[in-house]
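The lines below spell out each chain.
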Amino acid sequence: MGQNMGEEKIMLTVKEKNHQYYLKHCEQERVKARRYYWEHREQKLAYAKNHTQEHKAKVQVIRRLSDKKMKQEVLAHYSISNPPVCIHCGMTDMDVLTIDHTNGGGSKHRREIGKGGVSFHRWLKMQGYPKGYQTLCANCNLKKLVVKRERMREVFVEGN
Ligand SMILES: [Zn+2]
C-alpha cells in the first residue's frame, strides 16, 4: 500500500513535470507558429488568393461548357439535325443560332417567364420541349422581323 502511494506520487511528479514542459514548449510553439504566420503571411494570402482565382476560373470553364452543351441540345431539338443548323439558311455557327418563337412574341414570352439565354434553354428542356419554337440564326431571325414589320405596314397603309 505504502509502495503504491509512492509510485503514485512519482507518477504525479512526472505528470506535473511533463505538464510544465508542455506548457513551456507549448508557448514556444505558439510563438513559433505566430512568427511563422507573420513571416509567411503575404505568401500564404497570395497563395490562397491564387487558389481561389484558379478555382473560380475552373468553375467558370465547367459552367460555360455545360451551358454550351445545354444550348446545343436545345437548339438541336428545334433544328433538323445535331449539330444544330438554322432551319432557314443552314448556318451552323452555334454563336449566332437562337431559339425563335414561330408565332412571334418570343421576347414578350421570355419576359413573362423571366428567363433569357441559358435559363430560357433550361426552361425549354424542363418543359419537355414545348411546340412553337424553331432554331434560327440571328440573320434569319432579324429578316423574319423585318418582313413581319413590312407586312404590318402594308396592312396599315392598305387599311388607311
Ligand atoms: Zn439563318
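To start, this report covers the structure provided alongside it. (Residues numbered from 1 in each chain as written. Predicted model: local features only at pLDDT ≥ 70, side-chain atom pairs only at ≥ 80, totals over all residues.)

Let us now look at the pairing of strand 2 (residues 133-137). Two faces belong to every sheet, and in a regular strand the side chains alternate between them. Where burial is concerned, most of strand 2 is hidden: 5 out of the 5 residues are buried. With burial as the criterion, each face of strand 2 is covered, one bearing Y133, T135 and C137 and the other bearing Q134 and L136. One ladder, built from 5 bridges, connects strand 1 (residues 97-101) with strand 2; its direction is antiparallel. For H101, the partnering residue across the bridge sits in strand 2 and is Y133. (Buried ≥ 20, exposed ≤ 12 C-beta atoms within 10 Å, placed from the backbone. Helix = DSSP H or I, 4+ residues; strand = E, 2+ residues; numbered from the N terminus. Pairing = 2+ DSSP bridges.)

This next bit is on helix 4 (residues 118-126). Those residues of helix 4 not exposed but buried are F120, H121 and L124. For helix 4, the arc enclosing every buried residue in end-on projection is 100°, short of the 170-degree limit, so these residues lie on one face. Among the residues trailing helix 4, G128 stands out with phi positive, at a value near 75°. (Arc of directions from axis to C-beta.)

Here the focus is unusual backbone geometry. Look at the link from N82 to P83: it is a cis peptide, with omega at 5°. Of note in the backbone geometry, Y129 takes a positive phi value of approximately 55° without being a glycine. Within the element layout of this structure, Y129 appears in the loop between helix 4 and strand 2.

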